[in-house]
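Here are the chains, one letter per residue:
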Amino acid sequence: MAAAARLGTGELFLQEAVFRSRGAQAGATLLAPGERLPDGGKCGLGARAAVVLDLSPKAEVLFAELWPDGLSEAAVSAAREVMAEWVSRQDAFDRKRNHFLKDFRGKHGFDRGAYDEDQARAFRAGVDAINAEVDAQRREHAERLLSLGS
């Protein structure tokens, strides 16, 4: 597999870990609707990230594409660490994005169609900056994952 394609597959693998974990997190949030954050606030994401490292069927396929010969026990352990770290980082980025949106909408309103040019530009710039951080960090974590099979 070409390096760029392999990196993309590594990023998809990490996204699957987030999706799998978010499923558990959503269930936990539904079961604890009164749960408060340490600062006393509430968040639709719950108080903390759920980290679930068992592989979804799609993640199993991606794993086989990335490491057709499998990984050693030590490499699997290291991969699980990278996955857990990424799930937690993604959760933090999602919270950062949500707080940005809440603050921006609180200041300028919910109707993006009513934003003037400067507001619309500031909104897009804020979201784009967070998304760029996410992309860069996901790529870095994927590179760390891919180095385990070397």
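Just so it is clear, the model here is predicted, and its values are computed rather than measured.

**Student:** Would you mind going over helix α2 (residues 57-66) in detail, with residue names and values included?
**Tutor:** Within the span of α2, buried status applies to Ala59, Leu62 and Leu66. Taken around the axis of α2, the buried residues stretch over an arc of 60°, which confines them to a single face.

**Student:** Can you break down the nonpolar core residue by residue, with the values?
**Tutor:** Ranked by size, the top nonpolar core spans 23 residues in total, and within it Phe13, Leu14, Trp67, Met83, Trp86 and Leu145 carry the most contacts. Counting residues per element, the ones that place at least two in this core are α1 (3-31), α2, α3 (73-108) and α4 (117-146). In this structure Trp86 touches Leu14, Val18, Phe93, Val134, Gln137, Arg138 and His141, once residues within four positions along its chain are discounted. Membership of the second largest hydrophobic core comes to five residues, among which are Leu101, Phe104, Tyr115 and Val127.

**Student:** How would you summarise the pattern of salt bridges if you had to cite specific residues and measurements?
**Tutor:** In total, this model carries ten salt bridges according to the counting rule given. As a salt-bridge pair, Asp91 and Arg95 come within 2.6 Å of each other at their nearest N and O atoms. One end of the pair, Asp91, and the other, Arg95, are both in helix α3, four residues apart, so they sit about a helical turn from each other. A relative accessible area of 5% means that Asp91 is categorised as buried. For Arg95, a relative accessible area of 13% corresponds to the buried category. Arg138 is paired through a salt bridge with Asp135; the nearest N and O atoms lie 2.8 Å apart. Taken together, the positions of Arg138 and Asp135, both in helix α4 and three residues apart, correspond to about one turn of that helix. Arg138 gets classed as buried once you look at its relative accessible area, which sits at 11%.

Definitions and cut-offs
- Residues numbered from 1 in each chain as written.
- Predicted model: local features only at pLDDT ≥ 70, side-chain atom pairs only at ≥ 80, totals over all residues.
- Heavy atoms only, no water.
- Buried < 20%, exposed > 50% of the residue type's maximum accessible area, 1.4 Å probe, protein only.
- Helix = DSSP H or I, 4+ residues; strand = E, 2+ residues; numbered from the N terminus.
- Arc of directions from axis to C-beta.
- Core = buried A, V, L, I, M, F, W, Y, C linked by side-chain atoms within 4.5 Å.
- Contact = heavy atoms within 4.5 Å.
- Salt bridge = Lys/Arg side-chain N within 4 Å of Asp/Glu carboxyl O.

Purely spatial values, then, with no claim about function.
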